[in-house]
Amino acid sequence: MSAPLGWSNGRVRFLLAAALLLAGCTAAVDEDQPLNFVVIMADDLGYGDLSTYGGWIDTPNLDRMASEGLKFTDFHSNGAVCSPTRAALLTGRYQQRAGVPIVIFAPEHLPTHVDGLQDVEWTFAEALHEAGYATAIFGKWHLGYYPPYNPIRHGFAEFKGYVSGNVDFFSHVDGAGRFDWWHGAEQSDERGYVTTLINQHAVRFIEERGGEPFCLYLAHEAPHFPYQGPDDDPAGFRKAGGFSGRQELSDEQLRQKYYEMVAEMDRGVGAVLDTLNRLGIAERTLVLFFSDNGATPDGSNGALRGHKGSVWEGGHRVPAIAWRPGAIQAGSQTDQLAATMDIWPTIAELAGIEAKPDRPLDGVSMVQALQGSSVERGPVFWSFMDGLAMRDGNWKLVTGEDGDEQPKLFDLAADLAEQTDLAGREPGRTATMLQQAREWLQAVEASATAQPSTSR
C-alpha cells in the first residue's frame, strides 16, 4: 500500500498540478504555497432555489461566487438524501461501497442497521491531514452518532457542530429530544443560531491559519427542516409542539422562513470569500459550493421532476459553483456531468495526495472542467430505496420510482423534465442500460463495507 505523499513529495506534485491548473491564466499566484480548500454543502437546497439558477431566493453572494467563478448545470448529489451523499463526498466512492446507502438514524431508531462511516474508509480530510493540512468541519455530520464515528476520528482536527441529521437551530436539540452540539468529542453548550455559528467559526478558522494550508468543510443545516429564521423567537418552535412535532406555519410563513434560512447561509458564503480576499489567499484557495440532494416540496427544483428522496432529476441534480480567482475563468459555465464523489479526486489532483489502493475512488477529477475543458467519464448511477437510475451521456434510465418497475428512458438533452419516455423507441438501449444498472448495484452491494449492526 502506498501511503499519502509526505510534505516534500507532496509539494512537487502540487506544483505540477498547479502548473496545469494555471495554464493560460494571467494572474500571478504564489506557486510555492499549497492550495487551500473550502467545501460548502447546503442541506436540501434545490436546483430552482438560488437566484443564480433563476430561482426565487435572492442570494447575492452565491451570485457573486458564480459571476467570479464556474457554475455547473449538470452537477449531482450521489444520494437522494443526507447521509449517503456525505459518505460519497468524504470517501470519493459510491456510498453503497462505504456501507451508507440510506439515512443514518438515531441509535433508538436503528431498524436500518447503519451505524456510521467505518474506520477503514479513507477520507480526503485524513489524506490532507497527513499531508500537513489543518482540517476542520463546522455544522452537520450525520455519519454516525456513536463516539467512534465522530468527525475527529475521520481526519478532522477540529469539529464544531452536530452529529445528527438536523437540530433545532437555536436549542441544538435533535429530533430524538437530545442536546446535540459538539466541540470535538465533547458536548458544548455553545449558544447561537446554527447557520450563524457555522459562518462565524469558518471566518475564525481561516483567520487563525497564518499561512498554514487548510481544508475547511462547512456542512450547513439550511434550508433543512425545522424552518427557523435567524431572527425568530428561539423558544417559538418548541412552544409550537416540540422538535418532533409539526410546525404550525402557513405556506406563506414557511416560505418566508425558508428564504431567510438560505439568505443567512448566503451571507456566510460572502463572509468566507471576503475573508480569503482580505487575507490575500483567495488565488490559492479553491471554494466549492453544492447541495447534498434536491429540495423537498417546500423548496424548488425548478422544472425538474421529483424531489428529495427520489432518483428523478429533482432528487439529485443540484446547484454547484467553483471559485478560485485567477485560476477559474470568471462567469464561466459548464454542462460537464459531475457528482459529489468527484470532489475527493479533484482535491487529490490539486493537492498531490493519493487514495489508498484498497479504497479506490469511484469519482473522477474535475480539474479539467475547472479549466474549461471536458472530462471523459463512464456511466453514473443512483440508487435509493426502490429507485434505480443510470446516466450514460445524455441518456437516463429510471426504474422503481413511484412503485413502477417498468424501466423508463429519457434523453435529458431534449427532455430535462423527464416527461417523454423513450423506452419503447429504444428497446435495445433500455435493456442494456437496465442490465448495467442492476450489475452495478449488485457489485457495490457485494463490496460494501460491513456495519457492526449487521453482524449482531
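Here the structure is a predicted model, which means the values were calculated and not measured.

1. Observations concerning the overall build of the protein
Here comes step 1: In terms of regular secondary structure, the protein is built from 11 helices and 16 strands.
Here comes step 2: Counting every position in the protein, which comprises 456 residues, the buried fraction comes to 60%.
Here comes step 3: Sequence-distant contacts, at least 24 apart, represent 69% of the contacts inside the protein between residues at least 6 apart.
Here comes step 4: When the accessible surface of the protein is summed, it comes to about 17100 Å², and 49% of that surface belongs to carbon and sulfur atoms.

2. So, the sheet that holds strand β11 (residues 332-334)
Here comes step 1: Across the sheet, which stays open at both edges, the 10 strands sit in the order β7-β6-β5-β4-β8-β1-β9-β10-β2-β11 with mixed pairing between neighbours. Across the chains shown, the open sheet's two edge strands, defined by having one partner strand only, are β7 (186-187) and β11.
Here comes step 2: Direction of pairing for strand β1 (residues 36-42) relative to strand β9 (residues 285-291): parallel, over a ladder of seven bridges. Residue pairing in the sheet places V39 in a bridge with L288 of β9.
Here comes step 3: Where helix α9 (residues 343-351) meets the sheet, it contacts β1 and β9, and its direction lies at approximately 170° from that of β1.

3. Some words on the environment of V163
Here comes step 1: Within the secondary structure, V163 is located in the loop between β5 (158-162) and β6 (182-183).
Here comes step 2: Classification of V163 by relative accessible area gives buried; the value is 5%.
Here comes step 3: Taking the C-alpha atoms as reference, V163 lies 4.8 Å from W141; in sequence the two are 22 residues apart.
Here comes step 4: Those residues within four positions of V163 in sequence are excluded, and the remaining contacts are W141, H142, L143, G144, Y145, D180 and W182.

4. Things to note about helix α11 (residues 427-446)
Here comes step 1: The first and last C-alpha atoms of α11 sit 28 Å apart over 20 residues, in line with the 28 Å expected at 1.5 Å per residue.
Here comes step 2: Among the residues of α11, T430, M433, L434, A437, W440, L441 and V444 are the ones counted as buried. One face of α11 carries all of its buried residues, which in axial projection span an arc of 130°. Among the exposed residues of α11, those oriented more than 90 degrees off its buried face are P427, Q442 and A446.
Here comes step 3: Next to the buried residues of α11 lie β13 (380-384), β14 (387-392), β15 (395-399) and β16 (408-411).

What counts and how
- Residues numbered from 1 in each chain as written.
- Predicted model: local features only at pLDDT ≥ 70, side-chain atom pairs only at ≥ 80, totals over all residues.
- Heavy atoms only, no water.
- Helix = DSSP H or I, 4+ residues; strand = E, 2+ residues; numbered from the N terminus.
- Buried < 20%, exposed > 50% of the residue type's maximum accessible area, 1.4 Å probe, protein only.
- Contact = heavy atoms within 4.5 Å.
- Areas by Shrake-Rupley, 256 points an atom, 1.4 Å probe, with all protein chains shown as cover.
- Pairing = 2+ DSSP bridges.
- Axes fitted to C-alpha atoms, helices over the stretch in contact; angles between N-to-C directions.
- Expected span 1.5 Å × (residues − 1).
- Arc of directions from axis to C-beta.

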